[in-house]
Amino acid sequence: MSGTKASVLAAAVAAFGLLALGGCAQLSQAPDSDYRQALEKALTAGQCDGDAVRDLWSAYGRWYGVAASIAGHPMTDEAAVLLRQGDQFRILNCTEVARASYQTLIRRFPADRFSPLRDAAQASLRTLPAPPPVAGGPIPVMPSQPRPPAGI
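To start, this report covers the structure provided alongside it. (Residues numbered from 1 in each chain as written. Predicted model: local features only at pLDDT ≥ 70, side-chain atom pairs only at ≥ 80, totals over all residues. Heavy atoms only, no water.)

Things to note about the overall build of the protein chain
- When helices and strands are tallied, the protein chain shows six helices and zero strands.
- Helices and strands in the protein chain line up, N terminus first, as α-α-α-α-α-α.
- Going through the 152 residues of the protein chain one by one, you find that 26% of them count as buried.
- Contacts spanning at least 24 positions in sequence make up 55% of the contacts within the protein chain whose residues lie at least 6 apart.
- As displayed, the protein chain has an accessible area near 10,400 Å², and 62% of this comes from carbon and sulfur atoms. (Helix = DSSP H or I, 4+ residues; strand = E, 2+ residues; numbered from the N terminus. Buried < 20%, exposed > 50% of the residue type's maximum accessible area, 1.4 Å probe, protein only. Contact = heavy atoms within 4.5 Å. Areas by Shrake-Rupley, 256 points an atom, 1.4 Å probe, with all protein chains shown as cover.)

So this is what it looks like as structure tokens:
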């Protein structure tokens with residue numbers, strides 16, 4: 001009889017554990033987990049734009065928003081991943097994603113404690129090719145050419 005009780009008890013504990021795990025699986029993931037999955041997806045896709053990159057930025061924005069709302073949270077991880085993200089996309093030759101990552105780090109983390117990360121981002125920005133000209137931007141005029149009349 002004691003063997004039967006033990007096996008019933010073990011089965012009940014196992015069932016309870018599965019129910020508890022099932023409940024945990026239904027909870028949403030932490031924002032940094034969502035970001036890590038989105039980064040992995042974007043890097044695996046190996047594309048410099050599109051849904052994977054938009055999802056990456058969206059997941060990072062959610063993570064940053066949650067972290068920024070926690071008083072006293074150091075935000076070191078949130079800053080450091082931008083540097084790593086930029087480096088990873090630079091390796092993939094996705095210069096615009098890399099540039100945006102470095103610039104976001106520089107803009108969002110002005111505190112002194114982030115200066116080593118900002119310095120590294122600045123150095124990495126200098127290694128990137130110049131950004132493409134903005135469509136519809138001013139047309140450069142060579143000094144030897146006459147300037148177009150005003151109003152044209």
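There's plenty left to go through after this.
Some thoughts on the packing of aromatic side chains
- Tallied over the full model, the rule gives seven aromatic pairs.
- Aromatic pair Phe109 and Phe114: ring centres 5.0 Å apart, planes at 65°, arrangement edge-to-face.
- Among the aromatic residues, those joined into a cluster by ring pairs are Tyr35, Trp57, Tyr60, Trp63, Tyr64, Phe109 and Phe114.
- The positively charged end of Arg108 is found above the aromatic ring belonging to Tyr64, 4.1 Å away from the centroid. (Phe/Tyr/Trp six-rings, centres within 6.5 Å; stacked < 30°, edge-to-face > 60°. Lys NZ or Arg CZ within 6 Å of the ring centre and 35° of its normal.)

Points about the nonpolar core
- Residues Tyr35, Leu56, Tyr60, Phe89, Tyr102, Leu105 and Phe109 are the most contacted members of the largest nonpolar core, which totals 29 residues.
- Per-element tally for this core: the top contributor is helix H3 (residues 51-68), with eight residues.
- Not counting the four nearest positions on each side in its chain, Phe89 is found in contact with Leu39, Ala42, Leu43, Gln47, Leu56, Cys94, Val97 and Ala98. (Core = buried A, V, L, I, M, F, W, Y, C linked by side-chain atoms within 4.5 Å.)

Brief notes about the state of the cysteines
- On inspection of all chains with the given rule, the structure shows one disulfide.
- The disulfide that involves Cys48 links it to Cys94, with 2.1 Å between the sulfurs. What sets the handedness of the Cys48 and Cys94 disulfide is the S-S torsion sign, and at about -75° it is left-handed. Of this pair, Cys48 sits in the loop between helix H2 (31-45) and H3 while Cys94 sits in the loop between helix H4 (76-91) and helix H5 (95-108), and the two are 46 residues apart along the sequence.
- Residue classification places Cys94 among the buried positions, given a relative accessible area of 1%. (Disulfide = S-S within 2.5 Å.)

Here's the deal with the environment of Ala59
- Along the chain, Ala59 falls in helix H3.
- We classify Ala59 as buried; its relative accessible area is 1%.
- On a C-alpha basis, the gap between Ala59 and Leu39 in space is 8.7 Å, while along the polypeptide they are 20 residues apart.
- Apart from residues no more than four positions distant in its own chain, Ala59 is found in contact with Pro31, Asp34, Tyr35 and Ala38.

All quantities given are derived from atomic positions and should not be read as evidence of function.
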